[in-house]
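Given next are the chains, with one letter for each unit.
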Amino acid sequence: MMDNKTLNDILESKANEVKQYLVSLDYRCTYTPIQFGINFTVHLARQTAQFTIYYKPKNNTWKLHTVDEWVTSELKSRIMPLLGLQHTLVHEHRSTATKVPGDPSSYFEAAIEYLHILQPFAKEYIDFAIICEQVKIGLQGILSDSRYAYLDQQALQEAWQKPLSPDFLYAKEYLTQCLRICQIPTPF
């Protein structure tokens, strides 16, 4: 098993590599290391775009995730080679074909994916706050998307203001409540 220092060094190295590349394209960006990944925020004129890259130490592989259309259309194909991945249009077509236009569940894909990945470790002493962080990112997307103004905005705001927790059961319940507020069936 990889020790924390080695993992942190790998994450920091990849974060700097991606940041330097984005700066070379004249984008300002910041990043925040998270457990097994890095959250990036790219600052555009008057708005921001976000994406996360995840690292799997067991396979020494990277995965990029975003719900931001601009990142998908403008940056994803440029960043994928830095992660040792190929950007394929077949994959993009498959993922968009299965989504219903205006489906709010896309904002919570990362949180749901983390929940599924981390569920086998629910009883381990691991910080599961990453699930809560991804839920908050999803809530922020829903709150800023005018297509979802029909949802209970007060309940969404209250959910967004809830604190993060490292507890798995709290994170799972938090995700479940937010999906319910957004009228999304729970996939677990």
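What comes next concerns the included structure. (Residues numbered from 1 in each chain as written. Predicted model: local features only at pLDDT ≥ 70, side-chain atom pairs only at ≥ 80, totals over all residues. Heavy atoms only, no water.)

This part covers the overall build of the protein. On a plain count of helices and strands, the protein comes out with seven helices and four strands. In the protein, the succession of α and β elements from N to C terminus is α-β-β-β-β-α-α-α-α-α-α. Counting over 188 residues, the protein shows a buried share of 39%. (Helix = DSSP H or I, 4+ residues; strand = E, 2+ residues; numbered from the N terminus. Buried < 20%, exposed > 50% of the residue type's maximum accessible area, 1.4 Å probe, protein only.)

So, about helix α6 (residues 153-160). Think of an α-helix as turning once every 3.6 residues; residues three or four places apart then point the same way. Taken together, the buried positions of α6 are A155, L156 and A159. One side of α6 holds all its buried residues, which, seen down the axis, span an arc of 100 degrees. Tucked inside the fold, the buried residues of α6 contact α5 (129-144) and α7 (168-181). The backbone nitrogen of Q154 lies 3.2 Å from a side-chain oxygen of the residue at the head of α6, namely D152. (Arc of directions from axis to C-beta. Contact = heavy atoms within 4.5 Å. Polar contact = N/O pair within 3.5 Å; in protein donor to acceptor, adjacent residues only side chain to side chain.)

The subject of this paragraph is the packing of aromatic side chains. This structure, assessed with the given rule, holds nine aromatic pairs. Between the aromatic rings of Y55 and W62, the centroid separation amounts to 4.6 Å while the plane-to-plane angle is 45 degrees, which identifies the pairing as tilted. On the basis of relative accessibility, which here comes to 10%, the residue W62 falls in the buried class. In textbook terms, an aromatic cluster arises when at least three aromatic residues are bridged by ring pairs, as seen for Y31, F40 and F51. (Phe/Tyr/Trp six-rings, centres within 6.5 Å; stacked < 30°, edge-to-face > 60°.)

Per the counting criterion, the structure on display carries four salt bridges. Close ionic contact of E17 with K14 constitutes a salt bridge, the shortest N to O distance being 3.1 Å. Separated by three residues within a single helix, E17 and K14 lie in helix α1 (residues 4-24), roughly one turn from each other. With a shortest N-O distance of 2.7 Å, R147 and D145 are connected by a salt bridge. You can call D145 buried: its relative accessible area is 13%. (Salt bridge = Lys/Arg side-chain N within 4 Å of Asp/Glu carboxyl O.)

With respect to the secondary-structure elements, S165 resides in the loop between α6 and α7. Accessibility expressed as a relative area gives 13% for S165, which makes it buried. There is a polar contact of 3.1 Å between the side chain of S165 and the backbone nitrogen of D167. Those residues in contact with S165, other than ones at most four positions away along the chain, are F128, A129, C132 and Y170.

Once that is clear, we can look at the packing of α5 against α7. Orientation of α5 relative to α7, taken along the N-to-C sense of each, is 15 degrees, at an axis distance of 9 Å. As judged from the angle between their axes, α5 and α7 are roughly parallel. Classified by chirality, the crossing of α7 by α5 is left-handed. Between α5, through I131, C132, V135, K136 and L139, and α7, the contact on the second element is made entirely by F168, Y170, A171, Y174, L175 and C178. (Axes fitted to C-alpha atoms, helices over the stretch in contact; angles between N-to-C directions. Parallel < 35°, antiparallel > 145°, perpendicular 65-115°, else oblique. Left-handed = near helix turned anticlockwise from the far one by under 90°.)

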